[in-house]
Every structure is written in structure tokens, then in C-alpha cells.
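Summary of structural features
Residues per chain are reported as follows:
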Amino acid sequence: TDKFCNSARGNMKLFILLALFGLGLAQHNPNTKHGRTSIVHLFGWRWADIAAECERFLGPNGFGGVQISPPTEHIVLDSPWRPWWQRYQPVGYNLCSRSGSESELRDMITRCNNVGVNIYVDIVINHMCGSGGGEGTHSSCGSWFSATRKDFPSIPYSQSDFNDYKCKTSNGEIQNYDDANQVRNCRLVGLLDLALEKDYVRGKVANLLNKLIDMGVAGFRVDACKHMWPGDLSAVYGRMHNLNTKWFPSGSRPFIFQEVIDLGGESISAKEYVHLGRVTEFKYGAKLGNIFRKWNGEKLSYTKNWGEGWGFMSNGNALVFVDNHDNQRGHGAGGASIVTFWDPKLHKMAVSYMLAHPYGVTRVMSSFRWDRHFVNGKDQNDWMGPPSNSDGSTKSVPIKADQTCGDGWVCEHRWRQIKNMVIFRNVVNGQPHSNWWDNQSNQVAFGRGNRGFIVFNNDDWNLDVTLNTGMPGGTYCDVISGEKKGSSCTGKQIQVGGDGRAHFKISNRDEDPFVAIHANSKL
């Protein structure tokens, strides 16, 4: 009976815990379909191009979802000309933006869901446009607004829906990041700060989220969460509908991942938000960049305990990435250590390390090029928007014969090495980090149970070693130098013996000095 009582009491405790945390934990689940595991951020893409990309590439190659740019009506700026960040300055909640109309948005959501690819919406609910945004119809749907009078009639929001009365700084701006009240009640770089503690404002925000949920989106990347009170966010999230049962199991909650830049040392930490959903782990890319650049004495061999062992948030709370749309252009967090498409060799290695490693939900960046112009180490052109026509409209994404993109679209997600590692992560999903090896420098290898194995050489000399892969015997195709095509391999072949051991030779001068094999790349 003792046993029974204990287990009953344990179950009751568990039940109460689940009741308390059920909503939050559900919001940590990306709801990806059929064993898919990764999100790609198609930064600045038009809805029509994303729909086509889901059908022709993302669906067939196992991508789990797309983070889209903010779909809400935004300010349109002439100076600088149509910057990327104008989309982070809403002037209304109509769903027409630089990426397209509401009907194009709806069409994209439907078409992506139909091929197993989720849509995650980048949503801006901390603020409206900048206080200097003027008044008029310079907006993506043509709605009139007045930043001067804090009047946004298409929602409608008026003066009393903003936080100015709560902010205690001399100019209404955030002046000191050690003061949590300022960070949350004052204006972030002049952006008009919404009073999210007001039931009216919460209702308008919840209506926007629910309209998108009912259209079929799978969740939200919530912008600027550090600048909102966790209690206010909790109240808003609590009003969200369950996901559309046309594409998701009954009772599924929207996936929430919250942008909180926490590199340590500020008054507000990511820990305040993890009960509500996942949080962006900005330490991940900052540290990984240092490691692959070999700065500050960092070595790849130090990553044996990568993840929580490095002081990151717990695995179940983390959304991880090598770079994002902010820090690839020096905004946000991480500084010069961030490895981007401008350093393609290191970027491919760092992204592949992330995709091979079990920690976190992974997001891959897909960028556009711009003309960088450095003056005293600062890029004067970090504002530049996506490739566009002379009238400011965003260009379509052309796909070239070699499957890469043209017209200034980088499409890192289409690079063979990255696409194949997205597939690798799906194949090894749920398998433990295993069979670690390192040379006490920058050559490392690890497996994922008996489903995959990866070897990196980031030293300035050759790697030549026999390792226990944990894989069943046979011939495998390396998915970095090539890929399996039918029964043949366009890249290196790796022989794994009946004892699970294989010989690896990787020159530090190789275009890609790493090798990856998995259960589905066996010949």
C-alpha cells in the first residue's frame, strides 16, 4: 500500500505541476510535422516566394518551418530608403506589408502547411513606430496614422494606450539597462511603447495573434520581449487560440520563442521568460563564433560539454542560431565574433556543428547581400533592405540552374552542406550525443547514437585518425563533400567496419574541412 500511496501522491503532484505548467510547456513545442526539426528564417522574403520555396525545396528537404518577417502594416521610410527595420515599426494591424497582401499571406500559410512546413510569425507587440514617424499615409497598406499624436485609427490606439505616463526618465527613452522599469516602461530607440498592462491593448494584440493562428500559423517569434513585462506577455499568451486543427493535432498550443538578448550582466535575464515559451539563446552564436574563429584562446575541443555545460539556458527552453538578422549586421548581440555568410567556410562549419548537436531548437539564417561600407569599424549601410526594384518593392527570389539564388539573395539554407545537415538532424533526432573524440585542439568528432557521426578539422594541419563511430558497418556517403544520388555518392565515401570504426582523413585546406555520415546516407 505504501508503494501505491507514494505513486498516487506522486501522480497528484505531477498532475498539479502539469496543470500549472502545461500551457507554458506546450508553448515550448515547435509542433513540427513528421520528424522535422529545423526552422529557416527567410528574412525579408515575399509571401509568394516563400510559398513556392515550401513546395519546391523546404518540404522535400525536411525543413520544419519558416520564420517570416513581420506581416503587419508598417511605416514606409524614405530616409534611409526603405530600410529593413521599417517592418519592425508597425502603424496598424492590417496584414499587408512589404512581403505582400493578406490574401498572399493566407495562400502561403496554406501551401506551406500542405507540404509539412510550419509558419512562425515574427510579431511586434512591444511598440508602434518611432515617435518621429510623422503623420500621413506613408504606410504599407496606406492607412493614415499620426506618430506625433500617438493616433493609430486603423486599430485603433490613441495616446492613453502608450506607456509615457509610466516612464520616469527625463526624455522618455531607456537610459539605463540596469533598471528593469526603464527597460520595460520607456521607449526603445524612440519607438512608441505600448501599455500592455491595459486590458484593451491586450485584447487588440490577442485578436491579431488569433487571426494569424486561425489562418494556420504554428507560432510566433516575439520581438523585443526584454522590453515587456513577463506578466503582460503571460496574459496575452493566455488568450491565444489553439492551433488550427486542419493541420495540427487537437489542443496544440502555438509555439512561442521570445527574443530576449541576455549575454549576462544586465538586470533582466532570459530566466524571467522561459516559463512562457522558448527564448533565443544569444550566448550560443556569440560563443560558437569565438570557438570557430579561435579567438580568446577558445578551442573546439572545449565543446565536449556544449550546451548547458557552457552556462546556456536548459535545452528545453532554448532556440539556437549561429547568426540572426540583427547580429549579422552588427545590431543586437554578439559583436564581431558572429559568423555569417560573409565568412562562408566558417559559417558552414558552425551551422553544421549546431545542426549535429542535440541542444536546442535550431534556426538557420537565410540572408540577402548588401553593400557593406565600414567607417571606423561600423557598417554605414547596415540599414539596407532586401533586394528591391526602383519603386522600393521587394524583388522575387530567382533560383539558378545550380539551385542557388540570384539577385542578391544569399539562400544559405540552399547551400548543399547546410541543407544536408538539416536532413542529418532529422535522421538523428532523439539520439544521444555520443562517441566524443578530440585532439585537445580544434579537431573533434561526435556521434548521435547509432544514427549519425560528424568529424571537424579546424586546425591548421591535417587530420588522419581512426575513430569509433557507433554506426553499423558499411559504406557511407559523406553529405558535406557530396550526397547520395540513387545508389552512388557524389562525395567522399567512408568505410565503417563491423566494429563501428572508420578511418578519416581531412586536410585543413579542404573547401569544407569536415565530414558527416548518417543512417540514410548509407550506400
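Everything numeric in this text was worked out from a predicted model, so none of it was measured.

With that out of the way, let us pick up the pattern of salt bridges. Summed over the entire model, instances satisfying the criterion amount to 29 salt bridges. For R82, the salt bridge is made with D78, and the minimal N-O distance between the two is 2.6 Å. Exposure remark for D78: the relative accessible area of 55% places this residue in the exposed category.

Turning our attention to the nonpolar core. Membership of the largest hydrophobic core comes to 132 residues, with the highest contact counts inside it found for I50 and F220. Each of two domains, domain 1 (27-280 + 368-409) and domain 2 (433-518), supplies a minimum of three residues to this core. Among residues more than four places away in sequence, those in contact with I50 are L42, W45, V66, I68, M108, C112 and I119. Among the nonpolar cores identified, the runner-up in size contains 15 residues, and F453, L463, I494 and F504 belong to it.

With that settled, consider the sheet that holds strand β17 (residues 452-457). On the basis of which strands lie adjacent, the open sheet formed by 4 strands has the order β15-β16-β17-β24 and antiparallel pairing. The open sheet has two free edges, formed respectively by β15 (433-438) and β24 (514-518), since each of these has just one partner strand. Pairs of neighbouring strands in the sheet enclose a mean axial angle of 10°, with direction left out of account. One ladder, built from 4 bridges, connects β15 with strand β16 (residues 443-448); its direction is antiparallel. Counterpart to W437 in the pairing with β16 is A445. Relative to the sheet, helix α8 (residues 344-356) contacts β15, β16, β17 and β24, its axis offset from that of β17 by approximately 150°.

Among the secondary structure elements, G92 is positioned in the loop between β2 (65-68) and α3 (102-114). Its relative accessible area of 0% is what places G92 among the buried residues. Sequence separation of G92 and N462 is 370 residues, and the distance between their C-alpha atoms is 57 Å. For G92, the residues in contact, after removing those within four places along its chain, are T72, E73, M128, S154 and I155.

Moving on to the sheet that holds strand β11 (residues 318-320). The strand order around the closed barrel built from 8 strands is β1-β2-β3-β8-β9-β10-β11-β12, with neighbouring strands paired in parallel fashion. Direction aside, neighbouring strands of the sheet carry axes that sit 25° apart on average. The sheet contact formed by strand β1 (residues 38-42) and strand β12 (residues 361-366) spans 5 bridges and is parallel. Each bridged residue has a counterpart across the sheet, and for I39 the counterpart in β12 is R363. Strands in contact with helix α5 (residues 199-215) are β3 (118-123) and β8 (219-222); relative to β3, the strand with the most contacts, it is inclined by about 165°. α8 rests against β1, β11 and β12 of the sheet, and its axis sits at about 155° to β12.

Within the secondary structure layout, D323 lies in the loop between β11 and α8. Salt bridges are absent for the buried D323, whose nearest opposite-charge side chain, R329, sits at 7.7 Å. Side chain to side chain, D323 and Q328 meet in a polar contact 3.2 Å long. Among residues more than four places away in sequence, those in contact with D323 are Q328, I338, V339, T340, H347 and M365.

Cut-off values and rules
Residues numbered from 1 in each chain as written. Predicted model: local features only at pLDDT ≥ 70, side-chain atom pairs only at ≥ 80, totals over all residues. Heavy atoms only, no water. Salt bridge = Lys/Arg side-chain N within 4 Å of Asp/Glu carboxyl O. Buried < 20%, exposed > 50% of the residue type's maximum accessible area, 1.4 Å probe, protein only. Core = buried A, V, L, I, M, F, W, Y, C linked by side-chain atoms within 4.5 Å. Domains from an automatic or database assignment. Contact = heavy atoms within 4.5 Å. Pairing = 2+ DSSP bridges. Helix = DSSP H or I, 4+ residues; strand = E, 2+ residues; numbered from the N terminus. Axes fitted to C-alpha atoms, helices over the stretch in contact; angles between N-to-C directions. Lys, Arg positive; Asp, Glu negative; His and termini not counted. Polar contact = N/O pair within 3.5 Å; in protein donor to acceptor, adjacent residues only side chain to side chain.

Any functional reading would require information beyond the geometric quantities listed.
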